[in-house]
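# A structural walkthrough
Each chain is listed here by its residues.
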Amino acid sequence: INYWDEIVYIAAGKDLFDHKALWPYPRGPVISFIYAVIYAFVADTEYWLIVTDAAGRVLAYTLLFISVWLVGRELQLLKLAPALLLLSLFTALPVYSNFINNPSYWTFAVFAGLSLWLILVFARTQKISVLVGASFMVGFTLLARPDVVFGISALLAAVFTIRPWRIFNVTKVVASMAGIPSVLVGGYIAIFGLQTGVYL
């Protein structure tokens, strides 16, 4: 177990479950919700800390693997690269081992990967429902780590995939990709502020 961040994130999940204590937005609160759900199943066991940590590691690897596979499948459908190539690179070059030790890294990487996947699906299908899903994934990414640059990059990526290029279509994309993440982040900050009196 990581001495610093990992143990703190697990404790944040326990505090959320036991005391409904929210984490401030700059700390990336989405991981506390993930650990709270895991902790709920093991709260009565003597080994809750080790089991929660192990379950988090398994979940991290599984979700990273799934997000890479989904992105690879889209690249294959776009005839850019075989899905197995991306998956093989992910497995052969284990960059994920750096992520798994720090929960805010792997949650950010997973939600960023799912955002990329849905933007690629939107590029192919131009379906608004897919764009809304991508917007939620961007919001969760920003709740994993407060990285505004990522939000702007995702918005621009979605705008550049619009077909046909029309102001009305651009407006819909910007409204979804900026609006939904802003509501998620702003809503969390407001709820945290109501609970604590501190608006970060």
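As a convention, each chain's residues are numbered from 1 in the sequence order in which they are written. Per-residue local features of the predicted model are confined to residues with pLDDT of at least 70, and side-chain atom pairs are confined, for both listing and counting, to 80 or more; whole-chain, interface and lining totals are unaffected and use all residues. The basis for every side-chain value is the complete set of heavy atoms in the structure, and neither hydrogens nor water enter the calculation.

### Some points on a nonpolar patch on the surface
- Nonpolar side chains collect at one region of the surface, where Val148, Ile152, Leu156, Phe160 and Trp165 lie side by side and expose about 580 Å² of accessible area between them.
- Classification of valine 148 as exposed rests on a relative accessible area of 58%. Like charges are joined within 9 Å and nonpolar side chains (Val, Leu, Ile, Met, Phe, Trp, Tyr) within 5 Å, but only among residues with over 30% relative accessible area and no salt bridge; these make up the patches. Values of accessible area rely on a 1.4 Å probe in the Shrake-Rupley scheme; residue burial ignores everything except the protein chains shown. The term salt bridge refers to a side-chain nitrogen of Lys or Arg lying within 4 Å of a carboxyl oxygen of Asp or Glu. Three exposure classes are used, based on accessible area relative to the maximum for each residue type with a 1.4 Å probe and protein chains only: buried under 20%, partly exposed in between, and exposed over 50%.

### Concerning the layout of surface pockets
- Using a grid of 1 Å spacing that covers the protein atoms alone, one calls a set of points a cavity when a 1.4 Å probe fits there but cannot get out, and a pocket when the set is open and has protein on both sides within 12 Å along at least five of seven lines; lining residues are those with an atom within 4 Å of a point. Grid points are joined across faces, edges and corners, and a volume is the space filled by probe spheres set on the points. Of the pockets and cavities examined, the largest pocket occupies roughly 190 Å³.
- Taken together, Leu64, Ser67, Val68, Leu86, Leu89, Phe90, Val95, Phe99, Ala109 and Gly113 form the lining of the largest pocket.
- Where the lining of the largest pocket is concerned, the elements lending two or more residues are helix H3 (48-77), helix H4 (83-92) and helix H6 (103-125).
- Here the term charged refers only to Asp, Glu, Lys and Arg, the term nonpolar to Ala, Val, Leu, Ile, Met, Phe, Trp, Tyr, Cys and Pro, and the term polar to all other amino acids, Gly among them. When grouped by side-chain class, the residues that make up the lining of the largest pocket number 8 nonpolar, 2 polar and no charged. The way it works is that DSSP assigns letters per residue, a run of H or I at least four long becomes a helix, a run of E at least two long becomes a strand, and they are numbered from the N terminus.

### With respect to the nonpolar core
- Here, nonpolar core refers to any group of buried Ala, Val, Leu, Ile, Met, Phe, Trp, Tyr and Cys residues whose side-chain atoms link them within 4.5 Å. Counting 52 residues, the largest nonpolar core has Tyr35, Leu64, Trp106, Phe150, Val173, Met177 and Tyr188 as its most contacted members.
- Sorting elements by how many residues they give to this core places H6 first, with 11 residues.
- Here, residues are in contact when the closest pair of their heavy atoms is within 4.5 Å. Setting aside its immediate chain neighbours within four residues, tryptophan 106 contacts Ile31, Ile34, Tyr35, Gly56, Leu59, Ala60, Leu63, Leu64, Phe99 and Ile100.

### Description of the pattern of salt bridges
- Taken as a whole and assessed by the stated rule, the structure comprises 4 salt bridges.
- The partner of aspartate 18 in a salt bridge is lysine 14, and the shortest N-O contact between them spans 2.9 Å. One end of the pair is aspartate 18 and the other is lysine 14, both in helix H1 (residues 5-19) and 4 residues apart, which spans about a single turn.
- Classification of aspartate 18 by relative accessible area gives partly exposed; the value is 32%.
- A salt bridge links glutamate 74 to arginine 124; its shortest N-O distance comes to 2.8 Å. Linking glutamate 74 in helix H3 with arginine 124 in helix H6, this pair joins segments that are 50 residues apart in sequence.
- Taking relative accessible area as the criterion, glutamate 74 reaches 1% and is therefore assigned buried.
- Exposure remark for arginine 124: the relative accessible area of 35% places this residue in the partly exposed category.
- Salt bridges linked by common partners bring Glu6, Asp53 and Arg57 together as one network.

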